[in-house]
Amino acid sequence: MSVNKWKLRLPSLQGGGDGRHSKAILEELIGIIAGDGCLASDGETIKIDINSKEDLLKQRIIQLFKLFFDKEVKVRRNKGNWITLTVYSKKIHNFLASYLPIGKKAGKLSMVPITPHSLRGIFLTDGYLEWGRRKEVCIVSKDYNFLENISKFLASHSINSKIYTRKSGFKKPTTTFALRIFRSEDIIKFLSLIDVAFEWP
């Protein structure tokens, strides 16, 4: 996720061990996996790939798994600026399969429940904020129906968004889609909805 030079501020995960708090933790984790993770087809591996510079996100993912599943996350540094966060558990894998597709995600993400908390996870992984001369929130995905579900959810909260098609590559053309929010008032409502704030460091 890119936020220019702004410092990200997320809601605390401490305390509030009631059902609503646990549900919020699960939903945010589902959104993160929908964005940058996957349930492997082996039936036990959950992987999330993130940029090694996103330490806040890495620590949050570790906390989310620990708080909801009481499970430790293995961290592996890859080539370049990427790290892989992995959990091995058939029980957790089977549980998450009720909310997330197994294997390749493209075209299957419409099953992901869209809530303010899952949307926060999606934004943290597949989204970015521009807040300067150009103001924009953008969420990118290869799954049009997934973004359409998000757009409908935002509309139900009076937040205007639009989905654009992006094509890249020459020998192997790739089509992705971008959900964009442009108006300042809609961006502010979006950040309030998912309980995310930004501060100048």
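These numbers come from a predicted model, not from an experiment.

The rules behind each value
- Residues numbered from 1 in each chain as written.
- Predicted model: local features only at pLDDT ≥ 70, side-chain atom pairs only at ≥ 80, totals over all residues.
- Heavy atoms only, no water.
- Helix = DSSP H or I, 4+ residues; strand = E, 2+ residues; numbered from the N terminus.
- Rg over C-alpha atoms; globule rule 2.2 N^0.38 Å.
- Buried < 20%, exposed > 50% of the residue type's maximum accessible area, 1.4 Å probe, protein only.
- Areas by Shrake-Rupley, 256 points an atom, 1.4 Å probe, with all protein chains shown as cover.
- Axes fitted to C-alpha atoms, helices over the stretch in contact; angles between N-to-C directions.
- Parallel < 35°, antiparallel > 145°, perpendicular 65-115°, else oblique.
- Left-handed = near helix turned anticlockwise from the far one by under 90°.
- Contact = heavy atoms within 4.5 Å.
- Nonpolar A, V, L, I, M, F, W, Y, C, P; charged D, E, K, R; others polar.
- Salt bridge = Lys/Arg side-chain N within 4 Å of Asp/Glu carboxyl O.
- Pairing = 2+ DSSP bridges.

Draft legend 1. Representation of the overall build of the chain in the model. Along the backbone of the chain there are six helices and ten strands. Computed over the C-alpha atoms, the radius of gyration of the chain is 17 Å, within 12% of the 17 Å expected from 2.2 N^0.38 for a compact globule of 201 residues. Its C-alpha atoms give the chain principal-axis dimensions of about 50 × 45 × 35 Å. Within the span of the chain, comprising 201 residues, buried residues form 45% of the whole. Accessible surface computed for the chain: about 10900 Å², of which carbon and sulfur atoms make up 51%.

Draft legend 2. Geometry of the packing of helix H4 (residues 116-126) against helix H5 (residues 144-156). In the contact formed by H4 and H5, the axes pass within 12 Å of each other and the chain directions differ by 130°. As judged from the angle between their axes, H4 and H5 are oblique. When you trace H4 past H5, the crossing you get is left-handed. Mapping the contact onto sequence places Pro116, Leu119 and Ile122 in H4 and Phe146, Ile150, Phe153 and Leu154 in H5. Across the contact of H4 with H5, the residue classes tally to seven nonpolar, no polar and no charged.

Draft legend 3. Quick look at the pattern of salt bridges. In this structure the tally under the stated criterion is eleven salt bridges. Residues Arg120 and Glu28 are paired through a salt bridge, measuring 2.9 Å at the closest nitrogen-oxygen approach. Placement of Arg120 in helix H4 and of Glu28 in helix H1 (residues 19-36) is noted, with a sequence separation of 92 residues between them. Take Arg120: its relative accessible area is 5%, and that puts it in the buried class. Under the relative-accessibility criterion, Glu28 is labelled buried at 1%. Measuring nitrogen to oxygen at the nearest pair gives 2.7 Å for the salt bridge that ties Glu185 to Arg183. Three or more residues are tied together by salt bridges with common partners; here these are Arg183, Glu185, Asp186 and Lys189.

Draft legend 4. Summary view of the packing of H4 against helix H6 (residues 184-193). As a packed pair, H4 and H6 sit with axes 9 Å apart at the nearest point and diverge in direction by 110°. Considering their axes alone, H4 and H6 lie roughly perpendicular with respect to each other. Touching Pro116, Leu119 and Phe123 of H4 are Phe190, Leu191 and Leu193, all from H6. Its residues placed into classes, the contact of H4 with H6 shows six nonpolar, no polar and no charged.

Draft legend 5. View of the environment of Lys171. Position of Lys171 among the secondary structure elements: in the loop between strand E8 (162-168) and strand E9 (174-181). Distance from Lys171 to Tyr144, taken between C-alpha atoms, is 23 Å for residues 27 residues apart in sequence.

Draft legend 6. A look at the sheet that holds E9. The strand order across the open sheet built from four strands is E6-E7-E9-E8, with neighbouring strands paired in antiparallel fashion. At either margin of the open sheet sits one strand with a lone partner, and together these are strand E6 (127-131) and E8. Averaged over neighbouring strand pairs, the angle between their axes works out to 25° when direction is ignored. Taken together, the seven bridges between E8 and E9 define a ladder with antiparallel strand orientation. Bridging across to E9, Lys167 finds its partner in Thr175. Its contacts with the sheet put H5 on strand E7 (135-141), E8 and E9, and the angle it makes with E9 is roughly 5°. Contacting E6, E7 and E9, H6 crosses the sheet at an angle of about 60° to E7.

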